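# Topology and contacts: notes
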Amino acid sequence: LYKIRTDGSGRIKLSDDYDCVAINVLNGWIYYFDTFDSIIYKMKTDGTSRMVVKNDWGLYLNVVDGWIYYSNFGSKRNIYKMKIDGSCKQKLNNVESQTPTVCGDWIYYLDYTNARDGGKLYKMKLDGSNNSKISDINISRFTIDGNYIYFVEDSKFGRINLDGSNKKEVFN
């Protein structure tokens, strides 16, 4: 794992971990999942104080307000949350989920339970309540920016409002 300045200079090795995904940087700490040993780690941004947060198969980490939200691939890809120290682990849903993304008081995610070509977009409250479908679009990837969800559907890029309305093709 390395860090580098935005201009491409100053490459610094932080750790020997080489298969790091779902990297989040927050308040001087780097949170990440190492697929080699299936562990969620954190370390300071200077590479010191590396420690295990949880021995969990936690892809798609999203670190927000002292909590880590993630898809637990060791538990049928259900969404979990835990405090950034690894305590208070809680299961939030019972469906095959990917890409939990916190926006305000909501977690947006893809439900892959019956998916062939992509997941259906859902949202739920931060405690797992008020689960609802946002869209029937087969989405393979998405991100949220402002009041919009940008997504990939069949190699096309689109945009919808946070409530799933006003689908527009951005480009294809």
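Presented here is an overview of the structure given in this document. Quick caveat, the model's predicted, so the values are computed rather than measured. (Residues numbered from 1 in each chain as written. Predicted model: local features only at pLDDT ≥ 70, side-chain atom pairs only at ≥ 80, totals over all residues. Heavy atoms only, no water.)

### Some remarks on the overall build of the protein chain
Operational definition: Note on conventions: DSSP H or I runs of at least 4 residues are helices, E runs of at least 2 residues are strands, and numbering of each starts at the N terminus. As a reference, a globule follows 2.2 Å times the number of residues to the power 0.38, and the radius of gyration itself is taken over C-alpha atoms. Each residue is placed in one exposure class: buried if its accessible area under a 1.4 Å probe, protein chains only, is under 20% of its type's maximum, exposed if it is over 50%, and partly exposed if it falls in between. Should any heavy atoms of two residues lie within 4.5 Å, those residues are considered in contact. In these tables, accessible area is a Shrake-Rupley quantity obtained with a 1.4 Å probe, and a residue counts as shielded only by the protein chains included in the view. The sign given to each residue is positive for Lys and Arg and negative for Asp and Glu; His and the chain ends receive no count. Working definition for charges: the position is that of NZ of Lys, CZ of Arg, CG of Asp or CD of Glu.
The helix and strand inventory of the protein chain stands at zero helices and 18 strands. Computed over C-alpha atoms, the radius of gyration of the protein chain comes to 17 Å, within 12% of the 16 Å expected from 2.2 N^0.38 for 172 residues, which places it in the range of a compact globule. Principal-axis analysis of the C-alpha atoms places the extent of the protein chain at approximately 45 × 40 × 30 Å. Expressed as a percentage of the 172 residues in the protein chain, the buried residues total 44%. Within the protein chain, contacts between residues at least 6 apart in sequence are counted, and of these 24% link residues at least 24 apart. Surface exposure of the protein chain reaches about 9400 Å², of which carbon and sulfur atoms provide 45%. One finds the centroid of the 24 positive side-chain charges in the protein chain at a distance of 2 Å from the centroid of its 21 negative side-chain charges.

### Details of the pairing of strand E8 (residues 67-72)
Within a regular beta strand, the side chains point alternately toward one face of the sheet and then the other, so they alternate between its two faces. Spelled out, the test is: In this scheme, strands are said to pair when DSSP sees at least two bridges between them.
Summarising burial for E8: six of the six residues are buried, a large majority. Burial along E8 is two-sided: Trp67, Tyr69 and Ser71 facing one way and Ile68, Tyr70 and Asn72 facing the other are all buried. Bridging between strand E7 (residues 58-64) and E8 involves five bridges; their strand directions are antiparallel. In the strand pairing of E8, Val63 is matched with Ile68. Across six bridges, the pairing between E8 and strand E9 (residues 78-83) is antiparallel. When the sheet's bridge partners are listed, Tyr70 is paired in E9 with Tyr80.

### A few points about the nonpolar core
Where we set the bar: Among buried residues, the Ala, Val, Leu, Ile, Met, Phe, Trp, Tyr and Cys ones that are joined through side-chain atoms within 4.5 Å form a nonpolar core.
Among the nonpolar cores identified, the biggest contains 13 residues, and Tyr108, Leu121, Ile139, Phe142, Ile149 and Ile160 are the most heavily contacted of them. In terms of residue count, the dominant contributor to this core is strand E14 (residues 132-139) (three residues). Contact partners of Leu121, with chain neighbours within four places excluded, come to Tyr109, Leu110, Lys133, Ile134, Ser135, Ile139, Phe142, Ile149 and Ile160. Of all hydrophobic cores here, the second largest spans twelve residues; its members include Phe33, Leu59, Ile68 and Met82.

### Details of the pairing of E14
With four bridges joining them, strand E13 (residues 119-125) and E14 adopt antiparallel strand pairing. Residue pairing for E14: Gly119 is matched across the bridge by Ile139. The antiparallel pairing of E13 with E14 creates a hairpin that spans six residues between the two strands, and Gly128 there sits at a positive phi of about 95°.

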